Amino acid sequence: MNLLDGKYVSEKLKLEIAEEAAKILANTGRKPHLVAVLVGHDGGSETYVASKMKNCEAVGFKSSLVRYESDVTEEELLAKVAELNADADIDGIIVQLPLPKHIDPEKVTEKINPAKDVDGFHPVNLGRMQRNLPSFIPATPYGITLMLKEYGIDTAGKHCVVVGRSNIVGSPMSILMARNTQPGNCTVTICHSRTPDIKKFTLDADILIVAIGKKNFITADMVKDGVVVIDVGMNRETSTVTKSGYKLYGDVDFENVAPKSSWITPVPGGVGLMTIIGLLKNTLASANKEVYS
Ligand code: NAP
C-alpha cells in the first residue's frame, strides 16, 4: 500500500502557486483576489471559509469575506453577486454552500460571472469542462486529478467507479475521468443511492472514488487487490480525545481497505487539502486570464 499524501502534494503545489502569485504582483502591482460570501453561521461552512481565506493569504493572494445573517433575502444576495461581478479588482467569487432554504442555490450559482466562478459550479464552466475546453474545474475533482498526476497514476483504459453523483464532487469527477486526458481515459461507472448491489461494481474498480458522506461505507470485501482508492468523505464525529473536539472519518474503512489497495488517500490528510489547491489554482488562472481572456 502507498499513501496518496495530500499534505505533501498540497505543500509542494502551494509553493508553486506562491511563486506565480509573486510574479503577478511584480508584473501588475496587484495580488490575485478571492472573495468568499458566507451566509449564516453553519459550523462546517465557517471552518471551510476560514481555511480558504487562510490559504489565500499564505500563498500571497488577497482574500475578502462578505458575511450575511441567514435571514438575508435572495434578492440582496443576488445584488451582491452582481456587484462583485462588476468589480475589476476581484478575480474569483465563491458563495459557500449550503445556503438557507429560502435561497435557491442554482440562481445564485448562475448569477456568478463564469469568468469569476472559481468554484467551477456555473453550468457554463461545467459544459466547457465536459467539452474539454478551458474552464474552471470544481475544486475537489480538480484537486484529485492533480494528486493522481503528481503520483503518476496511470488511468488510461482503467475502470473507474465513482460512488456519489453530487454536482460538486461525484458528477464532475466522473466527467473528468472519462475525458480524453491524463488523468482520464477511463471507463467510468457512477453509483448512487439507487444503485442496487454497489459491491458488484466496486469489486471491479481499478480506481475507486467515493464521495457519499457515510462513514466507513466501503469495506475490504467491496474492493479488489491493487485498487487505487480516493476517499472524498468527510464525516465529522465528536471526540473527547482530539483537541478540536471532533474527529474526521472517510467514506472508506481505511484500516481494512488500505492493505488491499495499491494507492489510497487518508482522511484527514488526503483530498481535503487538495480541494484548497484546486480553488487556489482556479483563482490564479483567473488572475492570469488563462480561462477567459
Ligand atoms: P451529497 O451532495 O450529499 O451527495 C452524496 C451522494 O452520495 C449522492 O449522489 C447520493 O446519491 C450518494 N449516496 C448517498 N448515500 C448513498 C449510499 N448509501 N449508497 C450509494 N450512494 C449514496 O454529498 P457531497 O457534497 O458530494 O459530499 C460527499 C462527501 O464528501 C461528504 O462526506 C462531504 O463532506 C465530503 N466532501 C469532501 C470534500 C473534500 O474536500 N474532501 C469536498 C466536498 C465534499 P443520490 O444522488 O441518489 O442521493
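All residue numbers here refer to positions counted from 1 along the written sequence of the relevant chain. For a predicted model such as this one, the threshold for reporting local features is a pLDDT of at least 70, and the threshold for listing and counting side-chain atom pairs is 80 or more; totals across whole chains, interfaces and linings nevertheless cover every residue. Note that water and hydrogens are dropped before the side-chain values are worked out from all heavy atoms of the structure.

In the nomenclature of an unreviewed UniProt entry, the chain corresponds to Bifunctional protein FolD from the organism Mucilaginibacter polytrichastri. UniProt positions are given in the numbering used here, feature names are shortened, and annotations may be inferred rather than shown by experiment. Its UniProt record gives the chain a comment under Function (unreviewed entry), which states: "Catalyzes the oxidation of 5,10-methylenetetrahydrofolate to 5,10-methenyltetrahydrofolate and then the hydrolysis of 5,10-methenyltetrahydrofolate to 10-formyltetrahydrofolate." The UniProt entry for the chain carries the following text under Subunit (unreviewed entry): "Homodimer."

1. Overview of the sheet that holds strand β11 (residues 261-264)
Here, any two strands with at least 2 DSSP bridges between them count as paired. Put simply, DSSP marks the helices as runs of H or I at least four residues long and the strands as runs of E at least two long, and each gets a number from the N terminus on. On the basis of which strands lie adjacent, the open sheet formed by 6 strands has the order β1-β11-β8-β7-β5-β6 and parallel pairing. Each end of this open sheet is capped by a strand with a single partner; those strands are β1 (2-3) and β6 (187-191). As paired strands, strand β8 (residues 227-231) and β11 are joined by 3 bridges and run parallel to one another. Bridged to Val229 within β11 is Ile264.

2. A short note on the sheet that holds strand β2 (residues 33-39)
Taking strand neighbours across the sheet as the criterion, the 3 strands line up as β3-β2-β4 in an open arrangement whose pairing is parallel. A strand with exactly one partner marks an edge of an open sheet, and here the two such strands are β3 (62-68) and β4 (92-95). Between one strand axis and the next, the sheet turns by 15 degrees as a mean value, whatever way the strands run. Pairing of β2 with β3, which is carried by 7 bridges, proceeds in the parallel orientation. If you follow Leu38 over to β3, its bridge partner there is Arg67. Against the sheet, helix α2 (residues 43-58) engages β2, β3 and β4, with an angle of about 160 degrees to β3. Fitting a line to C-alpha atoms yields each axis, with helices limited to the stretch in contact; the angle taken between N-to-C directions then spans 0 to 180 degrees. In what follows, residue pairs with any heavy atoms lying within 4.5 Å of each other are defined as contacts.

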